[in-house]
Amino acid sequence: MSTATCLALSGGVGGAKLALGLSQILPADELAICVNIGDDFEHFGLTICPDIDTLIYTLSGLANPETGWGRVGDGTQFMETLKCLGAESWFHLGDGDLAMHVTRTQRLRSNEPLSNITADISTHLGIKAHVLPASDDHVRTIVETTLGDLPLQQYFVQKKCAPEVTGFHYMGADNAQANPDVLSILSAQTLRAVVICPSNPYISIDPILAIPALRQALINCSVPVIAVSPIVGGNALKGPTAKMMCELGIRVSALAIAEHYGGLIDGFVLDPADEALAPAIADLGISPHIAPAVMGSLRDKTLLAQACLNFARSLH
Ligand code: FO1
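Because the structure is predicted, anything quoted here is derived from the model rather than measured.

Participant: Please provide a residue-by-residue account of the site of the ligand, values included.
Facilitator: Lining the immediate environment of the ligand, one finds 13 residues, of which D39, P50, F91, H92 and Q153 sit closest. Here an oxygen atom of the ligand sits 2.7 Å away from a polar atom, N or O, in the side chain of D39. A distance of 2.7 Å separates an oxygen atom of the ligand from a polar side-chain atom of Q153. Protein coverage of the free-state accessible area of the ligand, which is 540 Å², stands at 89%. At the level of elements, α2 (50-59) and α6 (152-158) are the ones that each hand at least two residues to the shell around the ligand.

Participant: Requested: an account of the sheet that holds strand β2 (residues 31-35), with residues and values cited.
Facilitator: The 7 strands lie next to each other as β5-β2-β1-β9-β10-β13-β14, forming an open sheet whose pairing is parallel. This sheet does not close on itself; its edge strands, each paired only once, are β5 (130-133) and β14 (287-290). When the angles between neighbouring strand axes are averaged without regard to direction, this sheet yields 25°. Across 4 bridges, strand β13 (residues 267-270) lies against β14 in parallel orientation. Its bridge partner being in β14, F268 is matched across the sheet by P288.

Participant: Describe the sheet that holds strand β6 (residues 140-145), with residues and values.
Facilitator: Spatially, β7-β6-β8 is the arrangement adopted by the 3 strands of the open sheet, whose pairing is antiparallel. Two strands in the sheet have a free side with no partner beyond their single neighbour: β7 (148-151) and β8 (165-171). The average angle at which neighbouring strand axes cross in this sheet is 25°, direction not considered. In this structure, β6 lies alongside β7, joined through 4 bridges in antiparallel fashion. The partner of I142 across the bridge, within β7, is P151. Strand contacts of helix α8 (residues 201-209): β6 and β8, with the helix running at about 30° to β8, the strand carrying the most contacts.

Participant: Explain the side chain of S229 residue by residue, including any values.
Facilitator: Position of S229 among the secondary structure elements: in the loop between β10 (225-228) and β11 (231-232). Within polar-contact distance, the side chain of S229 engages the backbone oxygen of I231 at 2.7 Å. Every residue in contact with S229, bar those within four places of it in the chain, is listed here: P198, A254, I257, F268 and V269.

Thresholds applied
Residues numbered from 1 in each chain as written. Predicted model: local features only at pLDDT ≥ 70, side-chain atom pairs only at ≥ 80, totals over all residues. Heavy atoms only, no water. Near = heavy atom within 4 Å. Polar contact = N/O pair within 3.5 Å; in protein donor to acceptor, adjacent residues only side chain to side chain. Areas by Shrake-Rupley, 256 points an atom, 1.4 Å probe, with all protein chains shown as cover. Helix = DSSP H or I, 4+ residues; strand = E, 2+ residues; numbered from the N terminus. Pairing = 2+ DSSP bridges. Axes fitted to C-alpha atoms, helices over the stretch in contact; angles between N-to-C directions. Contact = heavy atoms within 4.5 Å.

This is how it looks when you write it as structure tokens:
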């Protein structure tokens, strides 16, 4: 029986920030976060789930505040030793973070579902919100570039987002089973709002929406679905969103993000810097709402989260 009143869709550092804000104002069991798995990849024989871990570390206060990912104060012995041994060292794995990948990989190999592992690890780290991978099946974001198709981490970390992007596809999404807990939350009477966090739409949210049953459940759900713009004043707050939009020939603006989500959303939250775009967003049949969307402090995150829930309530 679902107790969630809010379902957030999140990936990456920006999404985790708003999820943290929501966790500060919602009673423990009322927040559920459907988290992206398209960034997951195999490295040194380990299954690494960056968006799940970024969310878990952020919600548990363990995240490195400078990067937003990995564990604060984590050791570098593993990486330093890798380099001494001439092993590949383009993807940084902290000593403590390594334990996460080792235990998760061991449990996946014994056929434990990713969702069970994630729930158990969240509990061990004192997280009360429901952290729900979008699926227990493999979905892998492939970034189509002028250098060819690149798995997400090779594009994002190894190539430092340099290659020119021409498109995306989400391997496995068509046949992936949506996390049944997410589906039941979307159809439960308790639900009051769905919040698409200010993540990169192409590499953090679309891999979730590419899972057919999940997208359909979102379309069918009877509560307001709102999205928060990851673009403020024509710039991405973090990561390659703006660069990707330019390379795709899409105007880098909050309006273009609202258009991207189109018929899926009832409301769109944009920063005061983009207030002038509100009428054009309303013309899309999407209710605009102005709220400070740059999340520096915990207070910023909490205030934006409260604004989102109040806005969703006003649309109900
Ligand atoms: N991002 C980087 O730019 N460089 C890294 O070496 C790196 C390592 C890493 C390790 C664990 C983890 O959970 C995330 C990590 N990230 C790193 C971030 C990650 O690549 C991105 O946050 C997402 O996958 C894209 O949103």
